[in-house]
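# Structural characterization, general
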Amino acid sequence: MEEATGLTFHPMDQFIVKPLFGGGEVHWYTPTNVTLWMAVVALAIIALLVMGTRGRAIVPNRAQSVAELSYGMVHKMIEDIAGKDGLKYFPYIMTLFMFITVSNFAGLLPKAFTVTSHIAVTGVLALAVFVSVTAIGFIKNGAHFLDLFWVRSAPLAIRPVLAVIEVISYFVRPVSHSIRLAGNMIAGHAVIKVFAGFAAIAAVAPVSILAVVGMYAFEILVAFIQAYVFTILTCVYLKDALHPSH
């Protein structure tokens, strides 16, 4: 492949799922680099939220400050978007936010694997949100949950057409929810790898290094924004489930 393309680096190789022990095929039970980094992310979150806040100091240390800021931001986000009724689902949404945020930032470490770059991961997260909010909608509202698809403010003649559009857009939610996160993670990391590949060419090395630094700084911003967007959309979907009337 290298002879055919002339490339000595392949930007997409960093997203290959590999077994941790030996080679061979990857089965559902095979420990891989994905499961390893998911475990690392889980331990990092526990260390931050449990160990970092154990002292509960009046003057917080850095870990406690980050934990408290994250808690306050997600709490306010849920209350502002979904209302006080949505706060009972705070633990789940907080878990989503922390997992995605820490996964995104962990993927920026050298030799790390970005688990949120795989649609298998983001797809499960998005599907879990979709199933959960749909179940909440029917449990809380019964058949009235279907009011979400019936735009009463529109003229009666076009309501059926709008209802079809609303149903389609509703079932597309998990697709857009998952692809947005995975796509942004893949794109940013691939661009960094491409720029890094040109650093070996002396004529363009300075420009390439500056591009890598700039793109890396941008990816730090994107890592947080994508976690924030995923969480906000989850809160919006929860609001629709709790208050389905247009």
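Conventions and cut-offs
Residues numbered from 1 in each chain as written. Predicted model: local features only at pLDDT ≥ 70, side-chain atom pairs only at ≥ 80, totals over all residues. Heavy atoms only, no water. Helix = DSSP H or I, 4+ residues; strand = E, 2+ residues; numbered from the N terminus. Contact = heavy atoms within 4.5 Å. Areas by Shrake-Rupley, 256 points an atom, 1.4 Å probe, with all protein chains shown as cover. Axes fitted to C-alpha atoms, helices over the stretch in contact; angles between N-to-C directions. Left-handed = near helix turned anticlockwise from the far one by under 90°. Nonpolar A, V, L, I, M, F, W, Y, C, P; charged D, E, K, R; others polar. Salt bridge = Lys/Arg side-chain N within 4 Å of Asp/Glu carboxyl O. Buried < 20%, exposed > 50% of the residue type's maximum accessible area, 1.4 Å probe, protein only.

## Quick word on the overall build of the chain
Tallying secondary structure elements over the chain gives seven helices and zero strands in all. Written out in order from the N terminus, the α and β elements of the chain read α-α-α-α-α-α-α. Taken along the three principal axes of its C-alpha coordinates, the chain extends 65 × 55 × 40 Å. For the chain, contacts bridging at least 24 residues in sequence account for 67% of all contacts bridging at least 6. When the accessible surface of the chain is split by element, carbon and sulfur atoms take 73% of a total near 14,100 Å².

## A short note on the packing of helix α5 (residues 119-141) against helix α6 (residues 159-197)
Two elements in contact, α5 and α6, have axes whose closest approach is 8 Å; the angle formed by their N-to-C orientations is 145°. In terms of crossing hand, the pair formed by α5 and α6 is right-handed. Between α5, through Ile119, Thr122, Gly123, Ala126, Leu127, Val129, Phe130, Val133 and Thr134, and α6, the contact on the second element is made entirely by Tyr170, Phe171, Pro174, His177, Ser178, Ile179, Leu181 and Ala182. Counted by class, the contact of α5 with α6 contains 12 nonpolar, five polar and no charged residues.

## Here's the deal with the pattern of salt bridges
Note on pairing: side chains with opposite charge can pair once their charged atoms come close. Applying the stated criterion across every chain yields a total of five salt bridges. Among the ionic pairs, Asp80 bridges to Lys76, the shortest N-O distance being 2.7 Å. Taken as a pair, Asp80 and Lys76 lie in helix α3 (residues 62-82) at a separation of four residues, close to a single helical turn. According to the relative accessible area criterion, Asp80 is exposed, its value standing at 53%. Look at Lys76 and you get exposed, because its relative accessible area is 51%. The salt bridge partner of Lys239 is Asp240, with a shortest N-O separation of 3.3 Å. Owing to a relative accessible area of 29%, Lys239 belongs among the partly exposed residues under this scheme. A relative accessible area of 11% means that Asp240 is categorised as buried. What you see here is one network of salt bridges that share partners, running through Arg173, Lys239 and Asp240.

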